[in-house]
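Results of the structural survey
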Amino acid sequence: MNNEPVPGRNARLIVPPLVRAGEEFQVRLLIQHPMETGFRRDVQGDIIEVNLLESLSLDFEGQSVFTARSMNALTANPFLVFVVALKQSGRFNARWLDQRGNAGSISASVRVVAA
Amino acid sequence: MSPHKYGRALIASLLAATAATGAHSQAATSQLFIAKSAVRSGSTFTSATIQAQQKDDDLNPGMLWVDQGRELFAKDCTNCHADAKGLATKLPRLHTDGSVVTLEKQIHHCQTERVKKPAYAMEGQPLLALTTYLAFSSRGLAQQVPANITQSAAWQRAHNEFTRVQGKLDFNCRACHDQLYGKRVRNQNISQGYGVGYPAYRVEWQMLGSLNRRLRACFFGMETVVPAATDPILADLEFYLVWRAQGLPIEAPAVRR
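Conventions we followed
Counting restarts for each chain, with residues numbered from 1 along the sequence as it is written. Whichever chain is written first becomes A and whichever ligand is written first becomes 1, with later ones labelled in order. Only residues with pLDDT of 70 or above have their local features reported here, since the model is predicted, and side-chain atom pairs are shown and tallied only from 80 upward, although totals for entire chains, interfaces and linings are computed over all residues. Side-chain numbers come from the whole structure's heavy atoms, not from hydrogens or water. Numbering goes from the N terminus for both helices and strands, where a helix is a DSSP run of H or I of at least four residues and a strand is a run of E of at least two. Partly exposed describes any residue whose relative accessible area lies between the buried limit of under 20% and the exposed limit of over 50%, with all areas from a 1.4 Å probe on protein chains only and scaled to the type maximum. Residue contacts are defined here by distance: any two heavy atoms, one from each residue, within 4.5 Å place the two residues in contact. Pairing between strands is defined by DSSP: at least two bridges between them are needed. Angular values range over 0 to 180 degrees, each being the angle between N-to-C directions of two axes fitted as lines to C-alpha atoms, with helices fitted over their stretch in contact. For every residue, the predictor reports its confidence as pLDDT, a number between 0 and 100.

1. Brief notes about the overall build of chain B
- The helix and strand tally for chain B stands at 10 helices and seven strands.
- The proportion of buried residues among the 257 residues of chain B is 53%.
- Long-range pairs, those at least 24 residues apart, make up 72% of the contacts in chain B between residues at least 6 apart in sequence.

2. Description of the environment of S64(A)
Residue and element names in this part refer to chain A.
- Tracing the backbone shows S64 in strand β5 (residues 63-69).
- Distance from S64 to E54, taken between C-alpha atoms, is 17 Å for residues 10 residues apart in sequence.
- Other than its neighbours up to four places away in sequence, S64 contacts L58 and D59.

3. Focus: helix α7 (residues 153-163) of chain B
- Inspection of α7(B) places A154(B), W155(B), A158(B), H159(B), E161(B), F162(B) and T163(B) among the buried residues, and these make up the whole buried set.
- Check the buried side of α7(B) and you find it contacts β1 (93-94), β2 (100-101), α8 (173-179), α9 (211-221) and α10 (232-244) of chain B.

4. Some thoughts on the sheet that holds strand β6 (residues 79-85) of chain A
Residues and elements named next belong to chain A.
- Read from one edge of the open sheet, three strands run β1-β3-β6, paired in antiparallel fashion. Looking at the sheet topology across the chains shown, the edges are occupied by β1 (11-14) and β6. Neighbour-to-neighbour, the strand axes of the sheet open up by a mean angle of 15°, direction not taken into account.
- With four bridges joining them, β1 and strand β3 (residues 24-31) adopt antiparallel strand pairing. Across the sheet, I14 pairs through a bridge with R28, a residue of β3.

5. Brief notes about the confidence of the model for chain B
Residue and element names in this part refer to chain B.
- Averaged over every residue, the pLDDT of chain B is 89; residues scoring 70 or more account for 88%.
- The least confident element of chain B, judged by mean pLDDT, is helix α1 (residues 3-6) at 36; the most confident is β2 at 98.
- The low-confidence segment residues 1-29, where pLDDT is below 50, has 45 contacts with residues more than four positions distant or belonging to other chains.
- Predicted as a complex, the structure gets a pTM of 0.86 and an ipTM equal to 0.71.

6. Observations regarding unusual backbone geometry
- Following L91(B), the chain continues to P92(B) via a peptide bond in cis, the omega torsion being -5°.
- Topologically, P92(B) is positioned in the loop between α4 (63-76) and β1.
- Here Y198(B) and P199(B) are connected by a cis peptide whose omega angle stands at 0°.
- Tracing the backbone shows P199(B) in the loop between β4 (188-189) and β5 (200-202).
- In this structure, M35(A) takes a positive phi of about 50° despite not being glycine.
- In this fold, M35(A) is placed in the loop between β3 and β4 (53-60).

Next comes the structure, spelled out in structure tokens:
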């Protein structure tokens, strides 16, 4: 299809802009990806080639928060929530890669104030 | 769409209860079945989980399309449209030739005649992104309805279609959306059938889709001839649905099952 963007290019990484040190909060990640299972057919009846996100990670200032591989039971446009607590301000960075080699990433900063 | 999804699993009792409902003719003054005070948005018929997902923009997957639409709009459209707010309330509208201009058609027109670029494909992600962004920018506003809409040929065509009994199950649109709302069919709650939530993210589609696509799904469900996406009857119906909604505000991107 013409003009179709690369899967996994659009995403939202939602964090509160300001938190207290040590206070738990949610990091929410929503990725626009079809998560093709390889079982679906297009309008012509041809199998749509499998294309799942095969790796996904979240880090904070280079420190790993979460990594996952082979996410074949995830829905299309996966939505993930991580509960974290921070000691100091910094930047979250999420990255992912699908089976066709399309890579995506997004980052967001959180400012931490003394508890 | 896979045929077995809809299948023939329609509950028999529901069928018996609804056979041949299209024949009622309303007083000429008002063809509306549902009193204005009883009008309810489609969201109120969905589960609490789905409602929560729609209400919170951080959880609503439709916002991915809104983000992308905002970018496309800034790139190609802001020269002439400083503000996106309210644009979507003007559509669908009547063309001077009597046909109905949908939001998609208006965007295609602006793209080819004004931006001078090829139009985005129907149901493709860029067009859905633009329509969703425009509908989102008009959230809370009602779509405009021409004062004498019921005198237009487009309204009449859509009204005939809405009330015409068709398909293997002898249904018309009215049977479900004017009379059986609140009941269940094929494991879904039937709503009053308004378009104000669209483009909407449907869990069944695993993506966002247009009202045009939703309407085709209803034709499919009625086991009748499914009009092509470009069939003008679908545009007529979109126009008619705005009138039926009696001022219900736009709530796109809605989340639906």
